[in-house]
Amino acid sequence: MSELKDRLRQDLTTAMKARDELRSSTLRMVLAAITNAGVAGKQARELTDDDVTGVLTAEAKKRREAATAFADAGREESAAKEKAEAAVIAEYLPEPLDEAAIAELVRQAIEQTGAAADGMRAMGKVMGVVTPQTRGRADGGAVAAEVRRQLG
């Protein structure tokens with residue numbers, strides 16, 4: 001079992017003992033999503049820490065998007081709940097990268113792949129190098145935008 005999944009389970013037990021409803025319900029949801037990801041596809045498999053981080057990233061993004069949608073609809077109570085859940089999930093994610101760090105990683109990847117001469121046609125090559133370095137630490141859309149900016 002991955003260390004991160006084991007930590008989530010231990011923290012769920014602690015939250016249940018402390019009667020922390022928000023934390024325990026959020027961790028239950030996350031663990032269910034991790035289990036679903038493990039059994040998705042043709043054959044069940046044990047998820048690595050990277051896989052679990054990917055699931056956590058997706059769950060946090062869902063919460064942020066839902067909070068925005070609720071806030072736009074004037075449902076502040078629901079938006080606050082979604083934001084609180086996102087905050088709980090964020091505790092288990094690696095430290096997010098800022099724009100300068102993303103720009104530096106993209107610059108290094110372009111240098112490494114020699115993609116500067118190819119322009120936008122090399123975007124896939126550069127993204128292939130940058131994506132594993134930013135997984136769980138930066139939004140894919142922000143990374144792709146930076147790659148486009150530097151290649152264009």
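As a reminder, the structure under discussion sits directly above these lines.
Definitions and cut-offs
Residues numbered from 1 in each chain as written. Predicted model: local features only at pLDDT ≥ 70, side-chain atom pairs only at ≥ 80, totals over all residues. Heavy atoms only, no water. Helix = DSSP H or I, 4+ residues; strand = E, 2+ residues; numbered from the N terminus. Buried < 20%, exposed > 50% of the residue type's maximum accessible area, 1.4 Å probe, protein only. Contact = heavy atoms within 4.5 Å. Areas by Shrake-Rupley, 256 points an atom, 1.4 Å probe, with all protein chains shown as cover. Lys, Arg positive; Asp, Glu negative; His and termini not counted. Charge placed at Lys NZ, Arg CZ, Asp CG, Glu CD. Core = buried A, V, L, I, M, F, W, Y, C linked by side-chain atoms within 4.5 Å.

**Student:** Quick question: what am I supposed to make of the overall build of the protein here?
**Tutor:** Check the secondary structure of the protein and you find seven helices and zero strands. Each helix and strand of the protein, ordered N terminal to C terminal, gives the series α-α-α-α-α-α-α. Taking all 152 residues of the protein together, 36% fall into the buried category. Across the protein, contacts joining residues at least 24 apart in sequence account for 61% of those joining residues at least 6 apart. On the protein, roughly 9,200 Å² of surface is accessible, and the fraction owed to carbon and sulfur atoms is 51%. Averaging the coordinates of the 23 positive side-chain charges in the protein and doing the same for the 25 negative ones gives two points 4 Å apart.

**Student:** What is the right way to read the nonpolar core from this model?
**Tutor:** Generally speaking, nonpolar side chains in soluble globular proteins are found buried as a group. Among the nonpolar cores identified, the biggest contains 18 residues, and V126, V143, V147 and L151 are the most heavily contacted of them. Excluding anything up to four places from it in sequence, L151 contacts I110, A115, G119, M120, A122, M123 and V126. Ranked by size, the runner-up nonpolar core spans 17 residues in total, among them L4, L12, I34 and L56.

**Student:** Teacher, can you tell me more about the side chain of T26 here?
**Tutor:** Looking at the secondary structure, you find T26 in helix α2 (residues 21-39). Of the residues examined, T26 reaches a relative accessible area of 0% and is grouped as buried. Ignoring any residue separated from it by four or fewer positions in sequence, one finds T26 in contact with E85, V88 and I89.

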